[in-house]
Amino acid sequence: MDVSGTCDPAFAAVRAAFEANLAERGEHGAALCVMHDGRVVVDLVGGIADGDPDRPWTHDTLVNAFSVGKAMVATLTARLAGDGVLDLDAPVAEVWPEFSTAGKQHVTTRHLLSHQAGLPAVRRRLPPGTMLDHDAMAAALAAQEPWWEPGTAHGYHTNTFGFLVGEVLARVAGRSTGTLLRELIAEPLGADVHLGLPASEHHRVADFGWPGDAPPEEEPTDLDGKALDEMALMRHNTYWNPSGLSGAGVLNTAAWRAAELPSTNLHASARGIARVFAALAAGGEIDGVRIVGADALRAATTEQVYGDDVVLERPTRFGLGFQLTQPERPMGPNPGAFGHYGAAGSLGCADPEAGLALGYVTDRIGARWQNPRNRALLDALHAAR
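Residues numbered from 1 in each chain as written. Predicted model: local features only at pLDDT ≥ 70, side-chain atom pairs only at ≥ 80, totals over all residues. Heavy atoms only, no water.

A short note on the side chain of Glu27
- As for its placement among the helices and strands, Glu27 is situated in the loop between α1 (12–24) and β2 (29–36).
- A distance of 2.6 Å separates the side chain of Glu27 from the side chain of Tyr360, its partner in a polar contact.
- Ignoring any residue separated from it by four or fewer positions in sequence, one finds Glu27 in contact with Met1, Asn21, Leu22, Tyr360, Thr362 and Arg373. (Helix = DSSP H or I, 4+ residues; strand = E, 2+ residues; numbered from the N terminus. Polar contact = N/O pair within 3.5 Å; in protein donor to acceptor, adjacent residues only side chain to side chain. Contact = heavy atoms within 4.5 Å.)

Put into structure tokens, the structure is as follows:
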């Protein structure tokens, strides 16, 4: 598949890794943008969109980047905390009174951001399509009893993170997460990143190749026909209550693209993601545009939890909404690297020590934990340094 774009000769190995992803690692359509000290050094696109050989991937192609959106939410939260609009250690119920039920009166925004709140899933079965209704999801989570005592463990709030933190942001700032992203980050930076994509932009989106169907819209059972135990039900519902929660069966629809699901449906270009992370790599500011205060960003990228994740059942490491580099899943050789992976293998990350920022998007799902495509790009990038 053809690759086009620009690449500084010093980063030729990165281009080679990108080309190998298309030729050898099952890549179908993708884009990669790398910035070094605020300058674009790699800006590549390759393959095709929608499986259509007459539609080559371009720099303006958007695609669902899944949980890379959590980094956008983390940046917004740090911005509002740094501006004094949000107290991360105050009970969530102070700004969201309905949240105080079912033993959650002491849960803080810090707990939400670091995946310690015990709310990765809703227990009661939700009607099909509920994930497209922010208010309905927020109400269900406000009524939910934590699956573990908040603050005593962490578990990846795969899909609920955006509804939870997004509701807090809406309560303190009076605007939705998508509006805040547009007003405070995307438009000031000129970054092509969106939560809640306008219909006028849907023509730019490449369909995502989701593998398989969503499970039935019913309470799951094990192979013996017995109800799952509590933790197994929690892990199932984290992804599949309702069944379209993670996007299966709906993510290429106009309704999915227009909705705001901050954990799951960021639509972005590689250039857009790299532009945001270039600002973060430089302490929150680029080209005279500051999107977050340096102190607030430093706090957001400080380790909050590291170790066994009760949802993913493997080690994870989080700051305040950002994934932090870890030996089991490195974002580079330097300890201060941070960012967020998306389910398909997409990635946005920054390495402030190296002055590097990366945005990578793809339209085919790959290994979700140690993805050979994004790992090849990261390895080549840091070897070039």
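Some remarks on the packing of aromatic side chains
- All told, the structure shown has 5 aromatic pairs when counted by the stated rule.
- Ring geometry for Phe66 and Phe208: centres 5.0 Å apart, planes at 75 degrees, overall edge-to-face. Remark: Phe208 occurs in the loop between β5 (193–194) and α7 (230–240) and Phe66 occurs in the loop between β4 (63–64) and α2 (68–82); sequence separation between them is 142 residues. Across this residue pair, the class does not change: Phe66 and Phe208 are buried.
- Here the aromatic rings of Tyr156 and Phe318 are separated by 5.9 Å at their centres, their planes lie at 15 degrees, and the arrangement is stacked. Remark: Phe318 occurs in strand β10 (residues 315–318) and Tyr156 occurs in the loop between α4 (134–143) and α5 (160–173); sequence separation between them is 162 residues. (Phe/Tyr/Trp six-rings, centres within 6.5 Å; stacked < 30°, edge-to-face > 60°. Buried < 20%, exposed > 50% of the residue type's maximum accessible area, 1.4 Å probe, protein only.)

Let's talk about the sheet that holds β5
- The strand order across the open sheet built from 3 strands is β4-β6-β5, with neighbouring strands paired in antiparallel fashion. Edge strands, defined here as strands with exactly one partner in the open sheet, are β4 and β5.
- As paired elements, β4 and strand β6 (residues 267–268) share 2 bridges and run antiparallel to each other. Its bridge partner lying in β6, Val63 is registered against Ala268. (Pairing = 2+ DSSP bridges.)

Digging into the pairing of β10
- The pairing of strand β9 (residues 305–308) with β10 spans 4 bridges and is antiparallel. The partner of Asp308 across the bridge, within β10, is Pro315.
- Counting the residues that bridge the hairpin from β9 to β10 gives 6 residues, and of these Glu313 lies at a positive phi of roughly 60 degrees.

Description of unusual backbone geometry
- Here the residue pair Asn241 and Pro242 is connected by a cis peptide bond, since its omega of -5 degrees sits within 30 degrees of zero.
- Within the secondary structure layout, Pro242 lies in the loop between α7 and α8 (254–258).
- One non-glycine residue, Asp37, adopts positive backbone phi at about 50 degrees.
- Mapped onto the elements, Asp37 comes out in the loop between β2 and β3 (39–47).
- Within the chain, Glu313 stands out as a residue other than glycine whose phi angle is a positive 60 degrees.
- Relative to the assigned elements, Glu313 resides in the loop between β9 and β10.

Quick look at the packing of α1 against helix α11 (residues 372–384)
- Between α1 and α11, whose axes approach to 8 Å, the crossing angle comes to 165 degrees. Viewed along their axes, α1 and α11 adopt a mutual orientation that is roughly antiparallel. Here the hand of the crossing between α1 and α11 comes out right-handed. Contacts between α1 and α11 involve Ala13, Val14, Ala17, Phe18 and Asn21 on the former and, on the latter, Pro372, Arg373, Ala376, Leu377, Ala380 and Leu381.
- Tallied by class, the residues present in the contact of α1 with α11 amount to 9 nonpolar, 1 polar and 1 charged. (Axes fitted to C-alpha atoms, helices over the stretch in contact; angles between N-to-C directions. Parallel < 35°, antiparallel > 145°, perpendicular 65-115°, else oblique. Left-handed = near helix turned anticlockwise from the far one by under 90°. Nonpolar A, V, L, I, M, F, W, Y, C, P; charged D, E, K, R; others polar.)

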